Amino acid sequence: MLIHGLLVVSLALSGTPAATTQAKIDCTKVKCLALTFDDGPGKHTAKLLKTLKKERAKATFFLTGKYVDQHPRLAKRIMTEGHAVGNHTYSHFSLTPRLDGEILDDIQAGKQAIEQATGRTPTMFRPPFGHTDERVLRIADELDLAEVKWTGTTHDWALKDKKKIKAKVLSLAKRDGIILMHDTVPQTVQAMPEVIKELKKQGYHLVTVPQLYGGKLRAGVSYP
Ligand code: NI
């Protein structure tokens, strides 16, 4: 029994994210902004994680299940480095034209891929292309997921230019904002060191989406 007890304790400790100082940030009192990265993990994710660590910034990653299956260690690393992980479905197809069962299956498959890689169950999801409606939201509720969209989208995949992406993020930044980017776009990852430095200079605390809402995201509710 003692050995069993010790095992449980050590597992609980190893599952604790490294973020300690970040946990104390109160976004009702300070200027917060949530940077979010969709469609990974992929070949540029590690570089982004390095930048975030160096700048002591936290972010939110909406992971696509099929890529989590390809890069499970990256998915795990995102979580252990204190970032938030959300479900971006397994296949990344538009949900709104699909049947209930197809929507449910693809979100469930995304959830399973993330659970398998990280050992955690995501509590947030972001619909691919932002395509959602009351039906998608009801299914998210059934799956205990909050829906998270954004206040500003960079269209970084179309800009494909470090300077333009930087300018776009800075123009979209606002208190309690949620910025949509993609860590699959190399120029986005290249722009982040300068973007983060500038945002910090402007007084922003870069936090995860759950931190932005004081850890009170509710299933079946669409944010922001
Ligand atoms: Ni996407």
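Please refer to the structure placed before this passage.
Computed from a predicted structure; not experimentally measured.

**Student:** Talk me through the state of the cysteines; I want residue IDs and the actual numbers.
**Tutor:** Summed over all chains, the structure comprises one disulfide. At a sulfur-sulfur separation of 2.2 Å, the disulfide partner of Cys27 is Cys32. Across the S-S bond of Cys27 and Cys32 the torsion is about -85 degrees, and the bridge reads as left-handed. Residues Cys27 and Cys32 agree in their burial class; the two are buried.

**Student:** Explain the pairing of strand β3 (residues 84-87) to me, using residue names and the numbers behind them.
**Tutor:** Judged by which residues are buried, β3 turns out to be covered on both faces: Ala84 and Gly86 on one side and Val85 and Asn87 on the other are all buried. In this sheet, β3 lies alongside strand β2 (residues 60-63) in parallel orientation, the contact comprising four bridges. When the bridges of β3 are listed, Thr60 appears paired with Ala84.

**Student:** Summarise the environment of Ile139; cite the residues concerned and give the values.
**Tutor:** Tracing the backbone shows Ile139 in helix α6 (residues 134-142). In this structure the C-alpha to C-alpha distance between Ile139 and Leu104, which are 35 residues apart in sequence, comes to 6.5 Å. With residues near it in sequence (within four places) discarded, Ile139 still touches Asp100, Ile103, Leu104 and Ile107.

**Student:** An account of the coordination of the nickel ion is requested, with residue identities and associated values reported.
**Tutor:** Bound to the nickel ion are the protein donor atoms Asp39 (OD), His88 (NE2) and His92 (NE2), situated 2.1 Å from the metal. For the nickel ion, the donor residues sit on a single chain with the sequence spacing D-x48-H-x3-H.

**Student:** Any details on the environment of Gln190? Residues and values, ideally.
**Tutor:** Along the chain, Gln190 falls in helix α9 (residues 186-201). With a relative accessible area of 35%, Gln190 lands in the partly exposed category. Sequence separation of Gln190 and Leu48 is 142 residues, and the distance between their C-alpha atoms is 8.1 Å.

**Student:** Lay out the nonpolar core in plain terms, naming residues and giving numbers.
**Tutor:** Counting residues in hydrophobic clusters, the biggest one holds 33 residues, and the most contacted among them are Leu35, Phe61 and Leu199. When residues of this core are assigned to their parent elements, the largest contribution, six residues, is made by α9. With residues up to four places along the chain from it excluded, the contact list for Leu35 reads Ala59, Thr60, Ile179, Met181, Met192, Ile196, Leu199, Leu206 and Val207.

**Student:** Tell me about unusual backbone geometry, and name the residues and values.
**Tutor:** Cis rather than trans, the peptide bond between Gly40 and Pro41 has omega equal to 0 degrees. In this fold, Pro41 is placed in the loop between β1 (32-38) and α2 (45-54). Residue Tyr223 is joined to Pro224 through a cis peptide bond whose omega torsion reads -10 degrees. Locating Pro224 in the fold gives a position in the segment after β9 (222-223). The phi dihedral of Asp39 falls on the positive side, at around 80 degrees, and the residue is not glycine. Take Asp39: it is sitting in the loop between β1 and α2. Residue classification places Asp39 among the buried positions, given a relative accessible area of 17%.

**Student:** Please set out helix α4 (residues 72-80) residue by residue, giving values where relevant.
**Tutor:** By the burial criterion, the buried members of α4 are Leu74, Ala75, Ile78 and Met79. Seen from one end, α4 has its buried residues packed into an arc of 140 degrees, which puts them on one side. Residues of α4 that are buried make contact with α2, β2, α3 (65-70), β3 and α5 (100-118).

**Student:** So, the packing of helix α8 (residues 162-172) against α9: which residues are in play, and what are the values?
**Tutor:** The interhelical angle for the contact between α8 and α9, taken along N-to-C directions, is 45 degrees, at an axis separation of 8 Å. With respect to their mutual orientation, α8 and α9 come out oblique. Crossing handedness for the pair α8 and α9: right-handed. Contacts from Lys162, Ile165, Lys166, Val169 and Leu170 of α8 reach α9 at Gln187, Thr188, Gln190, Ala191, Glu194, Val195, Glu198 and Leu199.

**Student:** For the pairing of strand β7 (residues 177-182), give the residues involved together with the corresponding values.
**Tutor:** Counting buried positions along β7 gives six out of six residues, so the element sits mostly inside the fold. Taking every second residue as pointing to the same face, both faces of β7 are buried, with Gly177, Ile179 and Met181 on one and Ile178, Leu180 and His182 on the other. By the bridge criterion, six bridges tie β1 to β7 in an arrangement that is parallel. Bridging from a neighbouring strand, Ala34 pairs with Ile178 of β7. Across two bridges, strand β6 (residues 152-153) lies against β7 in parallel orientation. From the neighbouring strand, Gly152 faces β7, where its bridge partner is Ile179.

Reading the values: rules and limits
Residues numbered from 1 in each chain as written. Predicted model: local features only at pLDDT ≥ 70, side-chain atom pairs only at ≥ 80, totals over all residues. Heavy atoms only, no water. Disulfide = S-S within 2.5 Å. Buried < 20%, exposed > 50% of the residue type's maximum accessible area, 1.4 Å probe, protein only. Helix = DSSP H or I, 4+ residues; strand = E, 2+ residues; numbered from the N terminus. Pairing = 2+ DSSP bridges. Contact = heavy atoms within 4.5 Å. Donors = N, O, S within 2.8 Å, 3.2 Å for Na, K, Ca; no water. Core = buried A, V, L, I, M, F, W, Y, C linked by side-chain atoms within 4.5 Å. Arc of directions from axis to C-beta. Axes fitted to C-alpha atoms, helices over the stretch in contact; angles between N-to-C directions. Parallel < 35°, antiparallel > 145°, perpendicular 65-115°, else oblique. Left-handed = near helix turned anticlockwise from the far one by under 90°.

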